[in-house]
Amino acid sequence: MAAKKVFITGATGFIGGSVLNKLLEKHPQLEITALLRSPSSAFSAKYSSVEGVKGSFDDFGIIEKAAHEADIVIHTGDISHPGCAKAILSGLNKRTEESFLIHLTGTGCISDEREQTWEGKYNPHVWDDVKEINEIYDLPETAQHHVIDQWIMDASNEKLKTVIICPPDIYGQSSTIGNRATFLVPDYVEAIIKHKESFYLGSGENIRGVTHIDDVVDLFLLILAKQLEGRKELDYGRQGFYFAVSDGIPWKNAAEKINELGQHQGWLPKGTKAVSWNESQLAALLPSDPGRVLYLWGSNSRAESSRAKKLGWRPHGPSFWEALPEDCKVAAEKLKV
C-alpha cells in the first residue's frame, strides 16, 4: 500500500508546528508537504523529510493543488481566511480517491453567545459537543470562525470526510521553528507590564477554557490514528466537531497569580495589586479592536469535550497553574524586561 500523503498548513505556527513535530515522530511513514510563506534553512534542517511548498494563504492555486494531491489535509494555519479554506475544499473535492480533512477552529465561536455581555460575570453554561451539536452548527454567522466551520461541516460526503478540532486558549511552550507560544498569557503579560498593574474585568469571575499544547496535539494525533485505522469511532461533518478543553480558569485567579509571579520574576514593581477594570478601561488596551481584548480577558468560553473523551482523549499535560511560571517568564524575556 502506498504511503499516505499529508498536506499541512500553519507548520511554523504554535499549534501546527507542534502537530508536525508529533506527526513525524508517530507516523514516519507519511509523506508530508507543508505550506511555507518563506521557506528557511532552519525549517529544512529540522524537517528534512518534509517537502515545502512556497505560498501564502492568498495563493488559491498553490493551496488547491497541494490539497488535491494529498490524502489527508491538516489545516492549522489562518483558520479565518476564507480563500484558504475554499482552496483546500476545492482541491479535495476534485479528487477521485477518498480524502480526510482535519480543520482547526477555536472556542471563540461559543464565547458568551447566550449573554452578549462583557461584564466579567460567571456564566454557568458549559457547551457540550454531543448534547448541543445542532446548536453549535446553528450558531449565528457573527460567531467567531463559524462561517468557515460550517463550510467544513457541510463539505463532508462519501469521498471527503471532515473533522473539526476546537481547542480553547492554549498554554505551555513548544519546540517549533516559528511561533512558540499562543496569545492568552503572553499578550496579558505585555499589557500589564505596559500599564504596571494586573487587571481583570468587573468581578473577574469569567471562566476561560484552557488546554496545554501537548494535549491539543494529542487529540490531533488520536483522530488521525483513528482515521488511519479504518475510521474507528469517528464522527464526520456536522457531527465531527470535537472540543479539546481540559480545564476552566476564573480570570481573577489568573490575574492575581500572574501579578504575584511578575513581582517574583522582577518584571512588575513590588507591591503591585491585581485590580478590577471596567469595560472601557479594558477596551482601551486595543482601540482598533476592543472586542479582542474583551474576549480574551473579559468573557466566558467554556466547553465539555465529550466527543474527544469518548475516543479516549485524556489530557495529561501540566496544569495551567503548573505551566504559568514558565509561560510568564518566557513572555517577559521576549519583551526584554
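These lines cover the structure that appears in this document, whether it is placed above or below. Just so you know, the residues in each chain are numbered from 1, in the order the chain's sequence is written. Only residues with pLDDT of 70 or above have their local features reported here, since the model is predicted, and side-chain atom pairs are shown and tallied only from 80 upward, although totals for entire chains, interfaces and linings are computed over all residues. Heavy atoms throughout the structure, all of them, feed into the side-chain values; hydrogens and water do not.

Quick notes on the packing of aromatic side chains
- Aromatic pairs are defined between Phe, Tyr and Trp rings, using the six-membered ring for Trp, whenever the two ring centres lie within 6.5 Å; interplanar angles under 30 degrees are classed as stacked, those over 60 as edge-to-face, and all others as tilted. Going through the model one piece at a time under the given rule, you end up with ten aromatic pairs.
- Ring geometry for Tyr-171 against Phe-320: centres 5.5 Å apart, planes inclined by 85°, an arrangement best described as edge-to-face. Within this pair, whereas Tyr-171 is found in strand S8 (residues 169-171), its partner Phe-320 is found in helix H13 (residues 320-334), the two being separated by 149 residues in sequence.
- Following the ring pairs from residue to residue traces out a cluster consisting of Tyr-188, Phe-199, Trp-251, Trp-277 and Trp-297.
- We note Arg-208 situated over the ring of Tyr-295; from NZ or CZ to the ring centre the distance is 4.5 Å.
- A positively charged side chain is recorded as over a ring if its NZ (Lys) or CZ (Arg) lies within 6 Å of the ring centre. The angle to the ring normal must also be within 35 degrees. Over the aromatic face of Tyr-137 sits the side chain of Arg-238, whose NZ or CZ is 3.6 Å from the ring centroid. Put simply, DSSP H or I for four residues or longer makes a helix, DSSP E for two residues or longer makes a strand, and each gets a number counted from the N terminus.

Regarding the pattern of salt bridges
- Every case where a carboxyl oxygen of Asp or Glu lies within 4 Å of a side-chain nitrogen of Lys or Arg is listed as a salt bridge. This structure, assessed with the given rule, holds eleven salt bridges.
- In this structure, Glu-25 engages Lys-22 in a salt bridge whose closest nitrogen and oxygen atoms are separated by 3.6 Å. Note that Glu-25 and Lys-22 are positioned in helix H1 (residues 14-26) at a spacing of three residues, about one turn of the helix.
- With relative accessibility at 52%, the residue Glu-25 sits in the exposed group.
- Take Lys-22: its relative accessible area is 25%, and that puts it in the partly exposed class.
- For Lys-309, the salt bridge goes to Glu-304, with nearest N and O atoms at 2.8 Å.
- Classification of residues uses two cut-offs on accessible area relative to the type maximum, computed with a 1.4 Å probe and protein chains only: under 20% is buried, over 50% is exposed, and between them is partly exposed. Of the residues examined, Lys-309 reaches a relative accessible area of 34% and is grouped as partly exposed.
- Counted as one network, the salt bridges with shared partners bring together Asp-71, Arg-95 and Glu-97.

Here we look at the sheet that holds strand S1 (residues 5-9)
- Between any two strands, at least two bridges found by DSSP are needed for them to pair. As summarised here, the arrangement of the seven strands in space is S3-S2-S1-S4-S5-S7-S11, forming an open sheet in which the pairing is parallel. Where the open sheet ends on each side, the last strands, each with one partner, are strand S3 (51-54) and strand S11 (241-243). Within this sheet the neighbouring strands show an average axis-to-axis angle of 20°, counted without direction.
- Strand direction decides the pairing type here: S1 and strand S2 (residues 31-36), joined by four bridges, are parallel. The residue bridging Val-6 from the neighbouring strand is Ile-32, located in S2.
- Should any heavy atoms of two residues lie within 4.5 Å, those residues are counted as being in contact. Angles shown run from 0 to 180 degrees and are taken between the N-to-C directions of axes, each axis being a line fitted to C-alpha atoms and, for helices, limited to the stretch in contact. Strands strand S4 (72-75), strand S5 (99-104), strand S7 (160-166) and S11 of the sheet are contacted by helix H8 (residues 213-228), whose axis makes an angle of about 165° with S5.

Observations regarding the side chain of Thr-107
- By the element assignment, Thr-107 lies in the loop between S5 and strand S6 (127-128).
- You can call Thr-107 buried: its relative accessible area is 2%.

What to know about the state of the cysteines
- Any two cysteine sulfur atoms within 2.5 Å of one another count as a disulfide. Per the stated rule, a full pass over the model turns up zero disulfides.
- The thiol of Cys-84 is unpaired, and the distance to the nearest cysteine sulfur, on Cys-166, comes to 18 Å.
- Take Cys-166: it sits in no disulfide, and the sulfur closest to it among the cysteines is that of Cys-109, at 4.3 Å.
- Its relative accessible area of 0% is what places Cys-166 among the buried residues.

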